[in-house]
Amino acid sequence: MFSPSIDTHNFLFRFRFMMFGLIILMIISSTHGELSSNCSVDESCPPDKPFCSEVGCVYECPEPLYINGTKCVYDCGEMFVDDNRNCISACPEQTFYKETLKQTISKSYLERKCVKCDMHGMFISNASCVNTCPSKSRYIDENTCISQCPEARSLKINKTIHNLLHYQCIIKCPAMEEDGFCTSVCSKNKVVSGSSCREQCPLQMPYLLNNSCHAQCPNYAPADGVQNKCVQSKCPDERPFVVNNTCVDSCPNEFTLINSTLKDNIGFKYCLKDCEDKYKYNNNCVSACPSETVAVENTCVDSCPMYTSYKCIAAVGYKCGENIARRLTHAICVYECPQYMFIWNNMCVFSCNSGLSIFGKECTETCPVDKPYKQNITHTVNCYRGRCESIKTDLNCVQKCSSESYISNYSCFQYCPSNFLYVGNNCVSQCPKTEPLIENSTITVKTWSYQSTDYYYDHRHYTQSSEEKHIQKCVAVCSTGMILLNSTCVKTCPIGYTITANRTCSQSECITKYKEVTKAGTICLDQCRSNTFRFNNTCVETCSGTYMKYHFNGTCTERCPDGYNNIAVSVTNEVHNERYWDDYWEGDIILNRCTKDCGDEYFQYNGSCVNFCQPPLLTFNRTCVTVCPLNSHFYSTTSLSFNRISLENSGKRFQKENITETILNCEINCPNNTVLLDSKCVNMCPLNRRYIINGSCQSAECKTKYRYYHSSGVKCFDKCPTGLFVSNTTCVLQCLDNQYQFNQTCVHSCPSTHLINERYITSDLFSCWYSYSKCTKRVVKVKECRENCPPEKFLYNGVCLNICPKHTLTLANRCVNNCSITHQKIEEKIISIYKWVLYSNDNAWEQKVENHETRECVSHCSERHHLQYRNSCLTSCPDDLPFQVNNVCVEKCPENKLTTLTTKVCVDKCASDYGEFNRSCHSNCPQHIKYIFNARCVSECPSSHPVALENDRFVCRKSCGGSKLFRDGECIESYSCDDPMFEYDGWCLRKCPDGFVWFISCQNTLVAKIAIGILTMLLVVLFHLSRHFLLDFITAARLIFKSKEMIVKMEKQLIPSGSNFKLNDIKKATDDEISLLLPHMEDEHYL
């Protein structure tokens, strides 16, 4: 691809160019900025060439020269240099000079360039920008070198810069300070108090634990009660008990219980009023009740009470059914068993014993009437692609067996017990009259097995497999392909038997016209089956006789008739059987078949159908000929692929082998990529006739403007085709290494209006066998002239680059030395480029991806690098400026802001699930105010938000959320809230909360009082209205037992004297009616 002569030429050209540049630099450096005699006497130059250089007046001063007024000089001496290489007397405000040693061939000089000094790792010292501070000012305060830290940032932290020790001035140490310096560990004989190292603990933090001062001892290390020390192993022997986190000599009277954690002489004896989360047993608090007792609430008793129905063996400190991986040694009493446990003998168990069936949530020996059958049901866990992490099989009571099961004695099986026959889905000892025949068959049985895996992270070890099981089933009629022998269906008849038309084994000879010998036996037939052939009075699958070996029209013949061709091997109904250990084809194989047309798979030759025409025979219209016809007198050499069939000894199986042979095709015109040589189509012209004119090899040279040297010969063109480039009088695929492509022409340099870009041309891409990358056999590097760089490249000094040089920045697809005013911030960015790498072993190129770190000028920081540090965009703030205010890194939060300790973000108000304490936002509040409510740390949750869970960081919430309820300090499922408890407003309660009373549900007491008052008034009114009706009812009841004469007598006594009332009025009433409407009966004496 690249010849040695071209490389040598390029090397000589580059070497000469380099030597020329060195000579120019030596001339420039030797004069040291002196004016050339080509400038005028007064050193003035015309406006079109305003600068005076050593070679005369020029338009601009090129690098590495500087501009000193109107002169081009080699260095600015004691002056300073701005961004445009101008020599100035002093740096502008807010800038500082940075000294850099420059080297030329003849001298060294010091460049003092004016910079902002805002890059990371640069410091300001006496108006200069330095990498390290001078020895007398090694203290760094806000990027400035000073001799001592100021009072506002008096603390110091050691910092090594370029192997020199510096001191960073900060407000607060990350860990602790000692004698004004930050340290991670205090010196010996000193204690830690807050964030300082002291000689002794202060009064407000008098207790000492692990060389650290505390306001009080933690719960796990009580105070010794003598020396203000927190003890971690045990109390002193003379003060062995703990009360209020202090070691004492004895428990007070009100502390009647003892909780001991002593083990191997390490631990404490706590004096308690209540065992809290432990269990009370013989005036001691124990973690678990002894084996002969059970736990009821927080007390160990001999047996479960009446209102707790079930006993459960649980892990210590856990509820029934929780954390089954731990040792289950603790007996507790529960209202009900968990949903995933079963009941057996009033105990909660995880599974029923062998032989017991599951009915609902109970283990039972006998299934009920409505679900009388027993069937194993398998449950799987975490399955993927046929592999499961675990399986569990339970015996369940079911209403009916599944469709794939077989029933025997009210049990559902995958297959019947041995010596049983199959009738549908039932297992029987003998066949019924409706299905009297026995037939061998198979059923598929699925089983689970444990298999190890090669991957340690794969926990799915269980797989299900299927196997065939041989059975005997009862049938009314034998299946297709089976033959009846006595009362059994068989596949073959015994020797000497024939098969009759009704497929029954018979000892008689065939009386039909034909017979066929098969594996099952000799079949008697009136006519031969399809796909068989007649040979005498026998039906055969293939004609195999010595003379009658040809197959024609269902009969074995001696030869094919005239006009028919012979195919040596043909196959119908072929099937490909591909297995790991065996790969073959099978089908109906016919040898020497007579056919009218050879079809598209064969070629006709002398009454036979052949796979190809063997040269020197020619191929024309799928026929083998010796001479091509006049209308197709050209011939070309091509290849032909076909499948060659190789028969196995069995006669049913065969192999296919793909064969490629060379054939000679008769052509009207030569195919593409070939040329005509006499009457033959060839791939390449011979040397004596190498010129291709009108597609034919000629000896005469090209008379056209351009030539193209192709592998087939020299092609002649008046204009180079698309994809080729003009190089002198030749069309080429690519220009030379020292040339560029410009408008389909190879040039030695690009025009001033165009840029230089390199790209790669590939062909015939394919997937690499050793990776997922792209590969190719050919890669061509092309240098081209373009008006603009491709969108994925960057412009630098007139060249399009994939990646900018390391000392530059990227800005809008350009490489720059400094960012613009509109894009002042610098952000790190990863750029991925594609690169072709040659693998010599495979002689192939692979496309590789390379990631490069660049620094990009941006107008504002992105979300990924959202934090600002000076002019840099960062993902995290540096250690000396750890806090964030509006995405800006600061040393500490302003006084009007709160500090979020977890994220170090300064905020106006803490988040709702964070608590404010000491001007900071805590995700976990201190122990004495551990609850979080309304973005503040509080000692307890309000009654309106009572839910506060440890796994929720004790955030006070109104309810558990979802379908869960709050009960006794935890969130439970709604179905776990059982009698005598009830659900109310997201709680599970035993009684209504304060201020509420039960009235259908929990009601406010004011509402209940109003309702009771209204009901009382209604009862009074109803009582008053019903008084007369009550009196009438009592009177009528008494009169039922009085005679008529007694009633009249009583009425006479009650009628007052002088009354107009007459007794005759009463007599008008019938004997069956007694008037109760008399006025005097309303008198109170009536009763």
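Look above for the structure.
The rules behind the values
- Residues numbered from 1 in each chain as written.
- Predicted model: local features only at pLDDT ≥ 70, side-chain atom pairs only at ≥ 80, totals over all residues.
- Heavy atoms only, no water.
- Helix = DSSP H or I, 4+ residues; strand = E, 2+ residues; numbered from the N terminus.
- Buried < 20%, exposed > 50% of the residue type's maximum accessible area, 1.4 Å probe, protein only.
- Contact = heavy atoms within 4.5 Å.
- Areas by Shrake-Rupley, 256 points an atom, 1.4 Å probe, with all protein chains shown as cover.
- Phe/Tyr/Trp six-rings, centres within 6.5 Å; stacked < 30°, edge-to-face > 60°.
- Salt bridge = Lys/Arg side-chain N within 4 Å of Asp/Glu carboxyl O.
- Disulfide = S-S within 2.5 Å.
- Core = buried A, V, L, I, M, F, W, Y, C linked by side-chain atoms within 4.5 Å.
- Lys, Arg positive; Asp, Glu negative; His and termini not counted.
- Polar contact = N/O pair within 3.5 Å; in protein donor to acceptor, adjacent residues only side chain to side chain.
- 1 Å grid on protein atoms, 1.4 Å probe; cavity = no way out; pocket = protein on both sides within 12 Å on 5 of 7 lines; lining within 4 Å.
- Points joined across faces, edges and corners; volume = space filled by probe spheres on them.
- Nonpolar A, V, L, I, M, F, W, Y, C, P; charged D, E, K, R; others polar.

Topic: the overall build of the protein chain
Next, step 1: Scanning the protein chain from terminus to terminus reveals 5 helices and 96 strands.
Next, step 2: Counting every position in the protein chain, which comprises 1087 residues, the buried fraction comes to 33%.
Next, step 3: Across the protein chain, every contact between residues at least 6 apart in sequence was considered, and the portion connecting residues at least 24 apart equals 34%.
Next, step 4: Accessible surface, the protein chain as shown: approximately 71,400 Å² in total, 51% of it carbon and sulfur.

A few points about the packing of aromatic side chains
Working definition: an aromatic ring pair is given by the centre-to-centre distance plus the angle between the planes.
Next, step 1: Summed over the entire model, instances satisfying the criterion amount to 12 aromatic pairs.
Next, step 2: Considering the side-chain rings of phenylalanine 552 and tyrosine 564, the 5.1 Å spacing of their centres and the 75° angle between planes classify their relative orientation as edge-to-face. Of this pair, phenylalanine 552 sits in strand 51 (residues 550-552) while tyrosine 564 sits in the loop between strand 52 (555-557) and strand 53 (565-578), and the two are 12 residues apart along the sequence.
Next, step 3: Given a relative accessible area of 24%, phenylalanine 552 falls into the partly exposed group.

Quick notes on the pattern of salt bridges
Next, step 1: For the structure on display, the rule yields 23 salt bridges.
Next, step 2: Taking the shortest distance from any N to any O, the salt bridge between lysine 234 and aspartate 237 comes out at 3.3 Å.
Next, step 3: For lysine 234, a relative accessible area of 24% corresponds to the partly exposed category.
Next, step 4: Each of Glu78, Glu99 and Arg112 takes part in one network of salt bridges that share partners.

Here's the deal with the state of the cysteines
Next, step 1: Per the counting criterion, the structure on display carries 51 disulfides.
Next, step 2: The disulfide partner of cysteine 528 is cysteine 539, and the gap between their sulfur atoms is 1.9 Å. Around the S-S axis, the bridge from cysteine 528 to cysteine 539 shows a dihedral of about -85° and counts as left-handed. Taken together, the positions of cysteine 528 in the loop between strand 48 (521-525) and strand 49 (533-535) and cysteine 539 in strand 50 (residues 538-540) put the pair 11 residues apart, joining distant regions of the chain.
Next, step 3: Here cysteine 528 falls in the buried class, since its relative accessible area comes to 18%.
Next, step 4: The exposure class assigned to cysteine 539 is buried, which follows from its relative accessible area of 3%.
Next, step 5: The disulfide that involves cysteine 941 links it to cysteine 956, with 1.9 Å between the sulfurs. Disulfide cysteine 941 to cysteine 956: torsion about the S-S bond roughly -80°, handedness left-handed.

Examining the environment of leucine 65
Next, step 1: For leucine 65, the location among the structural elements is in the loop between strand 2 (56-58) and strand 3 (66-68).
Next, step 2: With relative accessibility at 11%, the residue leucine 65 sits in the buried group.
Next, step 3: For the pair leucine 65 and cysteine 76, spaced 11 residues apart in sequence, the C-alpha to C-alpha distance is 9.4 Å.

Here's the deal with the nonpolar core
Next, step 1: Counting residues in each nonpolar core, the largest one holds 14 residues, and the members touching the most others are Cys320, Ile332 and Cys348.
Next, step 2: Listing elements by their share of this core, those giving two or more residues are strand 29 (310-315) and strand 30 (328-334).
Next, step 3: Examining the composition of this core, we find that 3 residues originate from one element, strand 29, more than from any other.
Next, step 4: If sequence neighbours within four positions are ignored, cysteine 348 has contacts with Tyr310, Lys311, Cys312, Cys320, Val334, Cys337, Pro338, Met341 and Phe342.
Next, step 5: Counting 13 residues, the second-largest nonpolar core is a separate cluster that includes Val58, Cys61, Tyr74 and Cys76.

Here's the deal with the side chain of glutamate 667
Next, step 1: Examined against the element boundaries, glutamate 667 turns out to sit in strand 60 (residues 653-667).
Next, step 2: Among buried charged residues, glutamate 667 stands out as having no salt bridge; its nearest opposite-charge side chain is arginine 622, 12 Å away.
Next, step 3: A distance of 3.0 Å separates a polar atom in the side chain of glutamate 667 from a polar atom in the side chain of serine 636.
Next, step 4: Setting aside its immediate chain neighbours within four residues, glutamate 667 contacts Ser632, His633, Phe634, Tyr635 and Ser636.

Let's talk about the layout of surface pockets
Next, step 1: Size it by volume and the largest pocket reaches roughly 2,200 Å³.
Next, step 2: Forming the boundary of the largest pocket are 49 residues, of which Lys319, Glu322, Arg967, Glu970 and Ile972 lie nearest the centre.
Next, step 3: At the level of secondary structure, the elements contributing two or more residues to the lining of the largest pocket comprise strand 27 (294-296), strand 30, strand 91 (964-967) and strand 92 (970-973).
Next, step 4: Of the residues forming the lining of the largest pocket, the biggest block, 4 residues, is contributed by strand 92.
Next, step 5: A breakdown of the residues in the lining of the largest pocket according to their chemical character gives 23 nonpolar, 8 polar and 18 charged.
Next, step 6: What lines the second largest pocket is a set of 46 residues, and nearest its centre among them are Asp83, Lys113, Val115, Asn817 and Asn818.
Next, step 7: Breaking the lining of the second largest pocket down by element, the ones donating at least two residues are strand 7 (96-103), strand 8 (108-115), strand 75 (794-796) and strand 78 (815-816).
Next, step 8: A class-by-class count of the residues in the lining of the second largest pocket yields 21 nonpolar, 13 polar and 12 charged.

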